[in-house]
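Coordinate inspection notes
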Amino acid sequence: MSDAKNANGAQAIRAAGLVKRYQNGQITALDGLDLEVRAGEFVAVCGPSGCGKSTLLNLIAGIDRPDAGELAVFGKRAATLTEVETDALRSGVIGLVFQLHNLLPQLTAAENVQVAMMPGERTAAQRAARAEELLTRVGLAHRMNALPPTLSGGERQRVAVARALANSPKLLLADEPTGALDSKTGGQLFELLGEIQRELGMTLLVVTHDEHIAARAGRVVRILDGKVC
Ligand SMILES: Nc1ncnc2c1ncn2[C@@H]1O[C@H](COP(=O)(O)OP(=O)(O)OP(=O)(O)O)[C@@H](O)[C@H]1O
Ligand SMILES: [Mg+2]
């Protein structure tokens with residue numbers, strides 16, 4: 001990594017022998033997965049449907065717990081975190097973008113970004129200013145007061161990116177953020193994520209099944225049958 005902010009080489013994610021099973025152990029979603037991601041890396045996670053990509057992201061995000069193996073996010077071990085710490089990790093350290101943006105349809109783009117900062121230490125005016133700054137960064141200064149149903153798919157995903165960045169996460173996790181977009185719009189969103197990642201020096205992990213899009217990341221990790229291959 002040439003970026004000076006990332007030169008310390010600290011570890012953002014370390015997974016060792018990670019196992020996750022569903023349905024009383026009948027389904028093995030992750031089967032001893034090993035993965036190391038350094039702080040400041042831009043990693044694309046690729047692999048066929050059902051290979052365990054979303055499961056991995058959910059574990060890293062603290063949405064779900066591993067059944068076996070070790071997982072540390074910025075040195076904090078998932079198995080030892082209490083619920084409160086996991087929430088703190090999720091809201092302060094990790095930003096999330098999903099395939100379907102999950103924006104609140106009755107709130108404007110700006111309000112959707114502001115909501116992500118609540119509760120928090122910022123005043124309403126500070127939240128509004130931060131939302132404006134972020135929406136401007138993702139190219140939506142002119143659509144800040146638009147309701148999500150009136151935005152295009154790509155615009156909605158850009159609002160979702162702005163929302164995920166609201167609390168200045170050290171790690172941004174995105175699960176198929178381009179999945180609902182055509183390849184051109186998807187490519188543009190991926191470029192934007194990469195630019196922001198470089199500017200902010202954050203760690204970015206993006207799941208995509210699109211190999212062409214994945215090739216734009218700093219590194220591609222391929223998963224097959226719950227393992228890195
Ligand atoms: N809540 C659940 N209950 C039962 N099985 C599940 C659950 N979530 C995932 N699985 C199973 O675990 C495996 C991995 O699923 P996962 O969602 O991680 O795949 P994926 O790589 O994200 O696939 P896709 O590219 O289709 O999103 C699949 O066999 C899936 O059916
Ligand atoms: Mg998935």
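Before going into details, it helps to say that this report is about the structure given with it.

Conventions and cut-offs
Residues numbered from 1 in each chain as written. Chains lettered and ligands numbered in written order. Predicted model: local features only at pLDDT ≥ 70, side-chain atom pairs only at ≥ 80, totals over all residues. Axes fitted to C-alpha atoms, helices over the stretch in contact; angles between N-to-C directions. Helix = DSSP H or I, 4+ residues; strand = E, 2+ residues; numbered from the N terminus. Parallel < 35°, antiparallel > 145°, perpendicular 65-115°, else oblique. Left-handed = near helix turned anticlockwise from the far one by under 90°. Contact = placed C-beta atoms within 7 Å. Nonpolar A, V, L, I, M, F, W, Y, C, P; charged D, E, K, R; others polar. Near = placed C-beta within 6 Å.

This part takes up the packing of helix H5 (residues 153-165) against helix H6 (residues 183-200). At a minimum axis distance of 10 Å, the contact between H5 and H6 shows a crossing angle of 20°. Of the possible angle classes, the one that applies to H5 and H6 is roughly parallel. Between H5 and H6 lies a crossing of right-handed hand. Each of Gly-153, Gly-154, Gln-157, Arg-158, Val-161 and Leu-165 in H5 lies in contact with H6, whose residues at this interface are Thr-185, Gln-188, Leu-189, Leu-192, Leu-193 and Ile-196. Across the contact of H5 with H6, the residue classes break down as six nonpolar, five polar and one charged.

On to the site of ligand 1. Of all residues adjacent to ligand 1, which total 13 residues, the nearest are Tyr-22, Ala-29, Ser-49, Ser-54 and Thr-55. Breaking the shell around ligand 1 down by element, the ones donating at least two residues are strand S2 (27-38) and helix H1 (53-61). Among the elements that line the shell around ligand 1, the one with the most residues is H1, at three residues. When grouped by side-chain class, the residues that make up the shell around ligand 1 number four nonpolar, eight polar and one charged.

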